[in-house]
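Architecture at a glance
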Amino acid sequence: MHVVFLLLNALFRKALKLDAVEQVNIIYSNAPACATVTSMAQLYDQDASHSSAIYVLSTLLSILTMPLMIGLFELLL
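Residues numbered from 1 in each chain as written. Predicted model: local features only at pLDDT ≥ 70, side-chain atom pairs only at ≥ 80, totals over all residues. Heavy atoms only, no water.

Structural notes on the overall build of the chain
Heads up, the condition is: Helix and strand assignments come from DSSP, with helices taken as H or I runs of at least 4 residues and strands as E runs of at least 2, each series counted from the N terminus. The buried label applies to any residue whose accessible area, calculated with a 1.4 Å probe on protein chains only, is under 20% of its type's maximum; exposed applies above 50%, and partly exposed to all values in between. Any two residues having at least one pair of non-hydrogen atoms within 4.5 Å are treated as being in contact. The accessible surface values rely on the Shrake-Rupley method and a 1.4 Å probe; as for residues, cover is taken only from the protein chains in view.
Per the secondary structure count, the chain includes four helices and zero strands. For the chain, the N- to C-terminal ordering of α and β elements is α-α-α-α. Across the 77 residues in the chain, those meeting the buried criterion constitute 23%. If you take every contact in the chain between residues at least 6 apart in sequence, the share linking residues at least 24 apart comes to 68%. With the model as given, the accessible surface of the chain reaches about 5,600 Å², and the carbon-plus-sulfur share is 72%.

Shown next, in the form of structure tokens:
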């Protein structure tokens, strides 16, 4: 679902006439989750293994989606 949202943002970026800061924010939203989430889960006695799994998954997915999104932005410019 996250990738679909990012692709829709990329497709409508030109129509919405986003400035450079907004473009960077959209690309940044494709970045992996912050590692601090796992530390916070441990601090508040929550499921740290689940947050670690989400962190790893988001990092692996960003390896694929980040170049895709940058390429799509370059294509739309």
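Some words on the confidence of the model for the chain
Condition: Each residue carries a pLDDT score, the predictor's own confidence in it, on a scale running from 0 to 100.
The share of residues in the chain with pLDDT of 70 or more is 69%, and the mean pLDDT across the chain is 76. Helix α1 (residues 2-16) is the least confidently modelled element of the chain, averaging 66 in pLDDT, while helix α3 (residues 36-43) averages 85, the highest of any element.

Focus: unusual backbone geometry
Despite not being glycine, D45 shows a phi value in the positive range, around 55 degrees. Mapping D45 onto the fold places it in the loop between α3 and α4 (48-76). Classification of D45 as exposed rests on a relative accessible area of 71%.

Examining the environment of S39
Among the secondary structure elements, S39 is positioned in helix α3. Taking relative accessible area as the criterion, S39 reaches 43% and is therefore assigned partly exposed. As a C-alpha pair, S39 and S52 span 13 residues in sequence and 9.2 Å in three-dimensional space.

A look at a nonpolar patch on the surface
Quick note on the threshold: Residues qualify for a patch when their relative accessible area is over 30% and they have no salt bridge, like charges being joined within 9 Å and the nonpolar side chains of Val, Leu, Ile, Met, Phe, Trp and Tyr within 5 Å. The working definition used for a salt bridge is a side-chain nitrogen of Lys or Arg within 4 Å of a carboxyl oxygen of Asp or Glu.
A cluster of nonpolar side chains, contributed by Y55, V56, L57, L60, L61, I63 and L64, occupies part of the molecular surface with about 670 Å² of accessible area. Residue classification places L61 among the partly exposed residues on the basis of a relative accessible area of 42%.

A short note on α4
Short version of the rule: For a helix, the expected span equals 1.5 Å multiplied by the number of residues minus one. Fitting axes to the seven residues that end at a residue and to the seven that start at it, the angle between those axes gives the bend at that residue.
Compared with the 42 Å implied by 1.5 Å per residue over 29 residues, the 40 Å span of α4 between its first and last C-alpha is a close match. Where α4 bends most, the angle comes to about 35 degrees, and this point is S62. Every buried residue of α4 is listed here: A48, S51, S58, S62, T65, M69, L72, F73 and L76.

Regarding the side chain of S51
Secondary-structure assignment places S51 in helix α4. Excluding its chain neighbours within four sequence positions, the residues that come into contact with S51 are V37, T38 and A41.

Remarks on the packing of α3 against α4
Stated formally: Axes here mean lines fitted to C-alpha atoms, for a helix over just the part in contact, with angles spanning 0 to 180 degrees between N-to-C directions. For classification purposes, an angle smaller than 35 degrees is called roughly parallel, one larger than 145 roughly antiparallel, one from 65 to 115 roughly perpendicular, and anything else oblique. Here the nonpolar group is Ala, Val, Leu, Ile, Met, Phe, Trp, Tyr, Cys and Pro; Asp, Glu, Lys and Arg are the charged ones; every other residue, Gly included, is treated as polar.
It is the contact of α3 with α4, at a shortest axis distance of 8 Å, that shows an interaxial angle of 175 degrees. Here α3 is positioned roughly antiparallel relative to α4, judged by the angle of their axes. Across from V37, T38, A41 and Q42 in α3, the residues of α4 making contact are A48, S51 and S52. Taken together, the residues of the contact of α3 with α4 sort by class into three nonpolar, four polar and no charged.

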